[in-house]
Amino acid sequence: VQLQAFGGGLVQAGGSLRLSCAASGDTFRRYTIGWFRQTPREEREFVAGTKWSAGTTYYADSVKGRFTISRDSAKNTVYLQMNTLNPEDTAVYYCAADQNVIVSSRRSPRAYDYWGQGTEVTVSS
């Protein structure tokens, strides 16, 4: 599967953005999909994820209540709606997917073999 992430940009604190992760070459139906983010000083960290077949979603504590992961089967796309953004959310955001993610490792970037190219989100104060 090939992933393309897009939708990043510059937004003021308190604003919103919606990121998209579009898949090609395979259907998301058999995958667990995760959103991760990374800054130059930090390791890649988990943000949100979903197991497509089960419809389950899970979030990092830092974004719970502000970010929502959703999917569109017709478009084979996963979205990350980000509300109430703050400067600490500034990062490059990546989507990732894998068919063999187990629950205990679903928040680890090492559990995912397929990655999109990243889309940059900048939140100004």
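Below you will find a few notes about this structure. Each chain carries its own residue numbering, running from 1 in the direction its sequence is written. At least 70 in pLDDT is required for a residue's local features to be given in this predicted model, at least 80 for side-chain atom pairs to be given and counted, and no such filter applies to totals for whole chains, interfaces and linings, which use all residues. In computing side-chain values, all of the structure's heavy atoms are included and hydrogens and water are not.

So, the overall build of the protein chain
Threshold: Each helix is a run of DSSP H or I of at least 4 residues and each strand a run of E of at least 2, with the numbering of both proceeding from the N terminus. Based on C-alpha atoms, the radius of gyration is set beside the globule rule, defined as 2.2 Å times the residue count to the power 0.38. Accessible area is worked out with a 1.4 Å probe on protein chains only. A residue is then buried under 20% of its type maximum, exposed over 50%, and partly exposed in between. In what follows, a contact means two residues having at least one pair of non-hydrogen atoms within 4.5 Å. Where accessible areas are quoted, they stem from the Shrake-Rupley method and a 1.4 Å probe; at the residue level, only the protein chains shown are allowed to cover. Charged residues are defined here as Lys and Arg on the positive side and Asp and Glu on the negative side; His and the ends of the chain fall outside this count. We put the charge of a Lys on NZ, of an Arg on CZ, of an Asp on CG and of a Glu on CD.
The number of helices and strands found in the protein chain is 0 helices and 11 strands. Tracing the protein chain from N to C terminus, the helices and strands come up as β-β-β-β-β-β-β-β-β-β-β. Over its C-alpha atoms the protein chain spans a radius of gyration of 13 Å, differing by no more than 12% from the 14 Å that the globule rule assigns to 125 residues. Going through the 125 residues of the protein chain one by one, you find that 46% of them count as buried. Excluding contacts between residues fewer than 6 apart, the proportion of contacts in the protein chain whose partners are at least 24 apart in sequence is 57%. Counting every atom, the protein chain has about 6,500 Å² of accessible surface; 44% of that belongs to carbon and sulfur. A gap of 7 Å separates the mean positions of the 14 positive and 11 negative side-chain charges of the protein chain.

So, the environment of Leu17
Relative to the helices and strands, Leu17 resides in strand S3 (residues 17–24). Residue Leu17 is classed as buried on the basis of its relative accessible area, which comes to 16%. Residues Leu17 and Leu85 lie 68 residues apart in sequence; the distance between their C-alpha atoms is 8.2 Å. With residues near it in sequence (within four places) discarded, Leu17 still touches Gly7, Gly8, Gly9, Val11, Leu80, Gln81, Met82, Leu85 and Val121.

Digging into the environment of Cys21
When you line up the elements, Cys21 lands in strand S3. Each C-alpha atom of the pair Cys21 and Gly118 lies 9.6 Å from the other, and the pair is 97 residues apart in sequence. Those residues in contact with Cys21 that lie beyond four places of it in its chain are Leu3, Gln4, Ala5, Phe28, Trp35, Asn76, Thr77, Val78 and Cys95.

Details of the state of the cysteines
The bond known as a disulfide is covalent and runs between the sulfur atoms of two cysteines. Our working rule: Throughout, a disulfide means two cysteine sulfur atoms within 2.5 Å of one another.
Applying the stated criterion across every chain yields a total of 1 disulfide. Linked covalently through their sulfurs, Cys21 and Cys95 form a disulfide whose S-S length is 2.2 Å. Between Cys21 and Cys95 the sulfur-sulfur dihedral comes to about 75 degrees; the bridge is accordingly right-handed. Pair noted here: Cys21 is in strand S3 and Cys95 is in strand S9 (residues 91–98), with a separation of 74 residues, a long-range link. The exposure classification of Cys21 matches that of Cys95, with both residues buried.

Note that every value here comes from positions in space, so none of it alone points to a role or purpose.
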